[in-house]
Amino acid sequence: MSNNTPFAPWNDEAAVPLIQFDGVSKKYGDFLAIDNIDLKIYPREFFALLGPSGCGKTTLMRMLAGFEEASAGKITIDNKDMAGIPPNKRAVNMMFQSYALFPHLNVVDNLAFGLKRSRMAKSEIDGRVEEMLRLVQLQKFAKRKPHQLSGGQRQRVALARALAKAPKLLLLDEPLGALDKKLREETQFELMDIQEKTGTTFVIVTHDQEEAMTVASRIAVMDHGKLVQIDTPDRVYENPNSIYVAGFIGDVNIIEGRVSHLAGEEAQLCWAEGTSDIRGMAGPKIQKGEEAAFAVRPEKVALSVQEPIERNNRVAGRVEDIAYLGNMSTYYVRLENGNLIKSQVANDRRISRRSVTWNDQVWLSWSDTAGIVLPSGGNPS
Amino acid sequence: MTLSKRLLIFVPYAWLLALFLVPFFIVVKIALSDYAISIPPYTPTFDLSAGWAGFVDFLSKLDLENFVFLAEDDLYWKTFLSSLQIAVIATLLTLLVGFPFAYAIAQAPSEWRPSLVLLVILPFWTSFLIRVYALIGILSNEGFLNQFLMWTGLISEPLAILNTDIAVYIGIVYAYLPFMVLPIYATLDKLDGSLLEAAQDLGCTRFQAFWSVTIHLAKPGVIAGCFLVFIPTLGEFVIPSLLGGARTLMIGKVLWEEFFSNRDWPVASAVAVILLLILIVPIVLFQRSEQRLREQNQ
Ligand SMILES: Nc1ncnc2c1ncn2[C@@H]1O[C@H](COP(=O)(O)OP(=O)(O)O)[C@@H](O)[C@H]1O
Ligand SMILES: [Mg+2]
């Protein structure tokens, strides 16, 4: 991979995917946990599965690892059909949500466990274990049993153990769920670093959108066993394909209305009596005259005391609440038609110098390309 | 240490003293006495009214004669060895039957498990003696087992099971099974299923995973179960005397015969003391392994 072309095999027609799902479904009794999924994941990708609890993320992973069989469809890894291939015969390793470290074995023996099953020479095993210990910086804890380690250390042992056999594909099921915020953030960067160093394809499950945005090359947003959108983090954030995705990733203002104008990339939304239409980007699957919703991120909504006449999208309202977050503040502005719109403003001045306060009349405005018009329905959960 | 703490610790020690040490010393004392046709059937007896001189006289009459007798008569040696052998084999048999039992319960749907555990301990609700008697009805020549086997045509002559060592093994396995199943079940029940999946993920077949994870982690339960069966089995009296034959040598049976048939309390007491000394070894080992486990789980 050369450094001046961005890593984007999904845009390359000739690229060969490592993993391919073709119309895969999974049923537990009558319950459809995975609903007809098509998906391609490419070598060296850091792929994140994002979705609320119970949407089928773990099930998807377990099908890749070989713990569940697909009820319909075909899963191939490295061009081999995986149907009927048990977990121990797959070049796939999994880091379990609970870590699943063997409590009766110390760190070294945990790391060597998988290597001992693969006819590797003793000296080679020792070398590989040493390498893994160095990778996750646990040399000092080599002889400890899992119960003598902290949560963060256990998590690193689990990661090293899953990487020890140099799998083609590493599955990580909510790997950082048990860590506190600060350690999580550090570990996210460690994970990216390790992924880069080893060149392994990572598939990570998470319900934390920030985590997915941070680590992933692409994100798949899931809902009720379906893949709703698969895209790069910035595209998922800037160009969500539904209100569900917009609401699941980050904060969003939603204004409902009717499409009054649609031309190529541009769309307009008629939304309240006596106001001019909102201009935004045209999302997928909207039709002129149909109901739709306009979605715009709070940080793209500017707040001013004077009317910003240079902008097409401007609305008047009254400040109802201010949430001070340190580096920024969120203003909750009530519009005349009753809508509540959030505007996020960076606090580049000290708090006492700021002019806007509760009950002030203010103007909110945003550029013509700041927001997106999406089909209505499918509210964020 | 504060006074109240001392008092608190004193209570269990007082119980131990009253219920174990005092009777034990009485038994030791009888073991050092001589057989006599009197009530009680040994001499000397302790007489406070004779004062200090009487006490010294009493001490001088105690000797190790009975222990020497036990050492010289090879019947007792053989009995101890045979008890040990029966207890070891019976413990292994109980493990062989008990482990799958415990495993099956641990694999059952979680809403079933409490009822299954209850079924395992259900036999305790009837008297031990009655249950062993019931086995006679099953194992005897005209018993249910032989009738059934003959009815199926598998055998034409009744099998002689009752009054053999086999009947003793069957009796012990049956009677002590819960002591094996419960501790093993307790460890298997706590076992995290994702460990087995992790083992498979790392290259084990299902069987290898079972072997290297389940069996390994069940070890503390297996050890506890084996001790809980082995220790009482070694001195078991009811089962060998009701189900065993004339040639089944077990120390509990010898004890009983010395006490009640021969009325030789001193020899019987000496046998009891030796049995206790033999049992101290596994009991201490058991305590040690429990201790280690507690430290691991801390
Ligand atoms: N073994 C199973 N039997 C029946 N239902 C299951 C089983 N495993 C998962 N499910 C159901 O499938 C759905 C998806 O589960 P899962 O993949 O674990 O979700 P997630 O990991 O996204 O939280 C859930 O509704 C869950 O109840
Ligand atoms: Mg899950």
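Residues numbered from 1 in each chain as written. Chains lettered and ligands numbered in written order. Predicted model: local features only at pLDDT ≥ 70, side-chain atom pairs only at ≥ 80, totals over all residues. Heavy atoms only, no water.

Turning our eyes to something else, we now look at the overall build of chain B. Of the regular secondary structure elements, chain B holds 13 helices and 2 strands. The C-alpha atoms of chain B give 24 Å as radius of gyration, which overshoots the globular expectation for 298 residues (19 Å, by more than 25%). With the C-alpha coordinates of chain B rotated into their principal frame, the extents come out at 80 × 70 × 35 Å. Among the 298 residues that make up chain B, the fraction classed as buried is 40%. The long-range share in chain B, meaning contacts at least 24 apart out of those at least 6 apart in sequence, stands at 69%. Carbon together with sulfur atoms contributes 71% to the accessible area of chain B, which is approximately 17,500 Å² in total. Positive and negative charge centroids in chain B, built from 16 and 22 side chains respectively, lie 9 Å apart. (Helix = DSSP H or I, 4+ residues; strand = E, 2+ residues; numbered from the N terminus. Rg over C-alpha atoms; globule rule 2.2 N^0.38 Å. Buried < 20%, exposed > 50% of the residue type's maximum accessible area, 1.4 Å probe, protein only. Contact = heavy atoms within 4.5 Å. Areas by Shrake-Rupley, 256 points an atom, 1.4 Å probe, with all protein chains shown as cover. Lys, Arg positive; Asp, Glu negative; His and termini not counted. Charge placed at Lys NZ, Arg CZ, Asp CG, Glu CD.)

Turning to the overall build of chain A, a few remarks are in order. Within chain A one finds 8 helices and 20 strands. For chain A, the C-alpha atoms occupy an extent of roughly 80 × 50 × 45 Å along the three principal directions. When the 381 residues of chain A are sorted by exposure, 48% land in the buried category. Intrachain contacts of chain A at a sequence separation of at least 6 include 67% that bridge at least 24 residues. Of the roughly 18,600 Å² of accessible surface on chain A, a fraction of 47% belongs to carbon and sulfur atoms. Between the mean site of the 47 positive side-chain charges and the mean site of the 48 negative ones, chain A shows a separation of 8 Å.

Taken together, the contact between chain B and chain A spans 18 residues of the former and 22 residues of the latter. Summing both partners gives a buried area of about 1,800 Å² for chain B against chain A, and 59% of it is carried by carbon and sulfur. It is Glu-197, Asp-201 and Leu-202 of chain B in chain B that bury the most area against chain A; as a group they hold 38% of the surface buried on that side. One salt bridge connects Glu-197 of chain B with Arg-62 of chain A, and the closest N-O pair in it is separated by 2.8 Å. Run the count over chain B and chain A and you get 7 residue pairs in polar contact (both at pLDDT 80 or more). Secondary structure elements with two or more residues in the side of chain B that touches chain A: helix H9 (193–201) and helix H10 (206–234) of chain B. Residue contributions to the side of chain B that touches chain A peak at 7 residues, all from H9 of chain B. Class assignment of the residues belonging to the side of chain B that touches chain A gives a composition of 7 nonpolar, 8 polar and 3 charged. (Buried area = accessible area lost by both parts, 1.4 Å probe. Salt bridge = Lys/Arg side-chain N within 4 Å of Asp/Glu carboxyl O. Polar contact = N/O pair within 3.5 Å; in protein donor to acceptor, adjacent residues only side chain to side chain. Nonpolar A, V, L, I, M, F, W, Y, C, P; charged D, E, K, R; others polar.)

Following the UniProt record, the feature "domain: ABC transporter" (unreviewed entry) maps to residues 19–249 of chain A here. Structurally, residues 19–249 of chain A comprises 37% helix and 26% strand, and the distance from its first C-alpha atom to its last is 25 Å. (UniProt positions renumbered as here; feature names shortened; annotations may be inferred.)

What follows is about the site of ligand 1. Residue and element names in this part refer to chain A. As a matter of local geometry, ligand 1 sits amid Tyr-28, Phe-31, Ala-33, Pro-52, Ser-53, Gly-54, Cys-55, Gly-56, Lys-57, Thr-58 and Thr-59. One nitrogen or oxygen atom from the main chain of Cys-55 is found 3.3 Å from an oxygen atom belonging to ligand 1. For the shell around ligand 1, the secondary structure elements donating two or more residues are strand E2 (31–41) and helix H1 (57–65). Of the residues forming the shell around ligand 1, the biggest block, 3 residues, is contributed by H1. (Near = heavy atom within 4 Å.)

Turning our attention to the sheet that holds strand E13 (residues 278–282) of chain A. Residue and element names in this part refer to chain A. Strand order in the closed barrel formed by 5 strands is E11-E12-E13-E20-E14, with mixed pairing between adjacent strands. For this sheet, the mean inter-axis angle between neighbouring strands, taken without regard to orientation, is 55°. Sheet topology places strand E11 (residues 253–263) next to strand E12 (residues 266–270); 5 bridges connect them, and they run antiparallel. For Val-259, the partnering residue across the bridge sits in E12 and is Leu-269. (Pairing = 2+ DSSP bridges. Axes fitted to C-alpha atoms, helices over the stretch in contact; angles between N-to-C directions.)

Our next topic: the sheet that holds strand E5 (residues 80–81) of chain A. Sheets are built from strands that pair by backbone hydrogen bonding, the pairs being arranged parallel or antiparallel. All names here are of chain A. Taken in spatial order, the 4 strands line up as E2-E1-E4-E5 in an open sheet, and their pairing is antiparallel. Because the sheet does not close on itself, it has two edges, and the strands there are E2 and E5. Pairing analysis gives 7 bridges linking strand E1 (residues 19–28) to E2, with the strands arranged antiparallel. In the strand pairing of E2, Tyr-28 is matched with Phe-31. Here H1 sits on the sheet and contacts E1, E2 and strand E4 (72–77); the angle it forms with E1, its principal contact strand, is near 115°.

Turning our attention to the side chain of Ser-343 of chain A. All names here are of chain A. The topology assignment puts Ser-343 in strand E18 (residues 340–346). In terms of polar contacts, Ser-343 uses its side chain to reach the backbone carbonyl oxygen of Val-301, at 2.8 Å. Beyond its immediate chain neighbours, meaning those up to four positions away, Ser-343 contacts Pro-298, Val-301, Ala-302, Leu-303, Ser-329, Thr-330, Tyr-331 and Leu-364.

Moving on, we come to the UniProt feature "transmembrane region" (unreviewed entry) in chain B. Residues and elements named next belong to chain B. The positions UniProt marks with the feature "transmembrane region" (unreviewed entry) are residues 7–32, 84–104, 116–139, 166–188, 209–231 and 265–286. Its end C-alpha atoms 30 Å apart, residues 84–104 is made of 100% helix and 0% strand. Between the end C-alpha atoms of residues 209–231 the distance is 32 Å, and the span holds 100% helix and 0% strand.

Taking 1.5 Å of rise per residue, 34 residues should cover 50 Å, and helix H4 (residues 74–107) of chain B covers 49 Å from first to last C-alpha, within 8% of that figure. At Gly-98 of chain B, H4 of chain B shows its maximal kink, close to 25°; a proline, Pro-100 of chain B, follows between one and four residues later. (Expected span 1.5 Å × (residues − 1). Bend = angle between axes of the 7 residues up to and from the residue.)

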